[in-house]
Structure formats: C-alpha cells, structure tokens
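Spelled out from the first residue to the last, the chains are:
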Amino acid sequence: DTGVSQDPRHKITKRGQNVTFRCDPISEHNRLYWYRQTLGQGPEFLTYFQNEAQLEKSRLLSDRFSAERPKGSFSTLEIQRTEQGDSAMYLCASSNSTVEENYGYTFGSGTRLTVV
Amino acid sequence: AQTVTQSQPEMSVQEAETVTLSCTYDTSESNYYLFWYKQPPSRQMILVIRQEAYKQQNATENRFSVNFQKAAKSFSLKISDSQLGDTAMYFCAFMSNSGYALNFGKGTSLLVTP
C-alpha cells in the first residue's frame, strides 16, 4: 500500500457541470476525511467517515456536495452544479482509530478543481 | 470553536541555520493534540511532529522540535540545521481529544536559501 491516492490530480470544468473525485485510503484505515483548501488558506474540514458511515458534515458542505464511502473502502466526493467559488484543492486523508488515537492523518496529494 | 493563528505568512532562513515558526491557538479544553504539517510545493501534506497537551515534555523528531507552552496556548516549531528540502508551507493544527477534525492555521511559507 503506497498511501492515500486521489484521482484525478487536476480537473477543469465549466460552471454548472457536475464533478466527482475519488479517494482510495490506506487499506487498513477505517476513517476517511475530506478537506478543502483554497489559495492562501489552511485546509478546512468537510466531512468524515468511519467505515461506511458518514458521521459528520461541516456547514461548508452545501447541498450541492455529496460524499459516499460504499463498503467502507474508497470514497467519492461529488459536486453538482459547480460554481467558481468551488475552485480549490480537495484533500482526502485517512487514519486508523484502532491504533493510537489522534496520531494525525495521512493525506493524499489532492485534486485541484478549477471552475471556469 | 478552536482557532489556530500563524502570525508569520512568510519566513526565510539560510541553509544550516535555525528557524522558529510561531503558532497560537484558542481553546477551553484541557486535553487536545497539536500538529505541525509540511506541504511542499505541489506535493502532499506530511505530518512533521505531534504534541499531546497532557505531556509536559516537548516533542522532538530529528531536526524538528516544538516549544509547547500550554498556559500561553503557544506551539512553536523549531527547525535546526535547515535544509533546502525544508522549503514548504508549514501548517499548525489543533485536534480536540474527543474529536477527529483538524483545525488548521493559515500557514507559514518557509524558504530555505543556499
């Protein structure tokens, strides 16, 4: 296992289109997180899964955003009717709650979304 | 909500010198975790060092060490013997003992020059 993988690395889309990103966590990690990072800012929490259950969603996650983690493995983040304000880096991270708690996450390289 | 403040948007240091990055945070909790993450240009975020608030001893990882002042709610990162590969954005982050979400500061851009 080589770490957290995210696909695609870059996505350019026209305003109003739908986009979907994929994240493959480290295989033994049962927790998966999505963050959004805009230019000049630190990452902001979007949502969190433990296994297949989505346990928390930030207020940043409007109803145009939906995330899934079927079977507790990979996760997808979909943005419907994209807006220019959605342009950002979308980061996925994973961790293992059965190991020492709060050790921090392993992040993926992110998907950079540009809405034109 | 906990807030994390990094007051230095940019810093520069010469190779082999020592640099300290500042971070302050605001919380009413007594148990929590603090992290420093490094994000090189166009590369993934990497955990540099972690500190548990209930431990008085400052964490150390090779050339990286922290100065954790719980009463002052300060968590600075010291990089000794700076190397060119240390050039990156550095983010300070807070996690509640009962939580799972990281609250990040805005970051400090560190440039290591020859």
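Look up a bit, the structure's there.
Please read all numbers here as calculations on a predicted model, not as lab measurements.

Conventions we followed
Residues numbered from 1 in each chain as written. Chains lettered and ligands numbered in written order. Predicted model: local features only at pLDDT ≥ 70, side-chain atom pairs only at ≥ 80, totals over all residues. Heavy atoms only, no water. Buried < 20%, exposed > 50% of the residue type's maximum accessible area, 1.4 Å probe, protein only. Helix = DSSP H or I, 4+ residues; strand = E, 2+ residues; numbered from the N terminus. Pairing = 2+ DSSP bridges. Contact = heavy atoms within 4.5 Å. Buried area = accessible area lost by both parts, 1.4 Å probe. Polar contact = N/O pair within 3.5 Å; in protein donor to acceptor, adjacent residues only side chain to side chain. Nonpolar A, V, L, I, M, F, W, Y, C, P; charged D, E, K, R; others polar. Axes fitted to C-alpha atoms, helices over the stretch in contact; angles between N-to-C directions. Core = buried A, V, L, I, M, F, W, Y, C linked by side-chain atoms within 4.5 Å.

K.L.:
Got a minute to help me understand the pairing of strand β5 (residues 32–39) of chain B in this structure?
P.N.:
Regular strands place their side chains on alternate faces of the sheet. Residues and elements named next belong to chain B. Among the 8 residues in β5, 8 count as buried, and that is most of the element. Burial along β5 is two-sided: the residues Y32, L34, W36 and K38 and Y33, F35, Y37 and Q39 are all buried. Two strands pair when backbone bridges link them, and β5 and strand β10 (residues 88–96) are joined in this way by 8 bridges, in the antiparallel orientation. Following the sheet pairing, Y37 is matched in β10 by F91. Bridge analysis of β5 against strand β6 (residues 46–52) gives 6 bridges, and the strand direction is antiparallel. If you follow K38 over to β6, its bridge partner there is I46.

K.L.:
Just checking my understanding: could you explain the interface of chain B and chain A for this structure?
P.N.:
Put simply, an interface is often sized by how much accessible area is lost when its parts join up. Every contact between the two is made by 21 residues of chain B and, on the other side, 22 residues of chain A. Taking both sides of the interface into account, the surface hidden between chain B and chain A amounts to around 1700 Å²; carbon and sulfur atoms contribute 51%. Ranking the residues of chain B by area buried against chain A places Q44, R50 and Y100 of chain B at the top, with a combined share of 34%. At the boundary of chain B with chain A, the tally comes to 7 residue pairs in polar contact (both at pLDDT 80 or more). Elements with a contribution of two residues or more to the side of chain B that touches chain A: β5, β6 and β10 of chain B. For the side of chain B that touches chain A, the element with the most residues is β5 of chain B, which contributes 4 residues. Per-class residue counts for the side of chain B that touches chain A are 11 nonpolar, 7 polar and 3 charged.

K.L.:
What exactly am I supposed to notice about the sheet that holds strand β1 (residues 5–7) of chain A here?
P.N.:
Note: strands within a sheet are paired through backbone hydrogen bonds, in either parallel or antiparallel orientation. Residues and elements named next belong to chain A. Overall, antiparallel pairing links the 4 strands, which are arranged β1-β3-β8-β7 in an open sheet. The open sheet has two free edges, formed respectively by β1 and β7 (65–68), since each of these has just one partner strand. For this sheet the average axis-to-axis angle between neighbouring strands, irrespective of direction, equals 15°. Of the strand pairs in this sheet, strand β3 (residues 19–24) and strand β8 (residues 75–79) are connected by 5 bridges, and their pairing is antiparallel. When the sheet's bridge partners are listed, T20 is paired in β8 with E78.

K.L.:
What is the right way to read the nonpolar core from this model?
P.N.:
Of all hydrophobic cores here, the largest spans 25 residues; its most connected members are Y25, W36, F75, L77 and Y90 of chain B. Secondary-structure elements contributing two or more residues to this core are β3 (19–21), β5, β6, β8 (64–69), β9 (74–79), β10 and β12 (108–113) of chain B. Considering each element in turn, this core owes the most residues, 4 residues, to β10 of chain B. When neighbours within four sequence positions are excluded, F75 of chain B is seen to be in contact with C23, Y25, L34, F35, W36, Q51, V66, N67, F68 and C92 of chain B. Residues F21, L46, I79 and V115 of chain A belong to the second largest nonpolar core, which totals 19 residues.

K.L.:
Explanation requested: the environment of S62 of chain A in the structure shown.
P.N.:
All names here are of chain A. Looking at the element boundaries, S62 is found in the loop between β6 (53–57) and β7. Assessed through its relative accessible area of 28%, S62 is described here as partly exposed. Residues S62 and F45 lie 17 residues apart in sequence; the distance between their C-alpha atoms is 13 Å.

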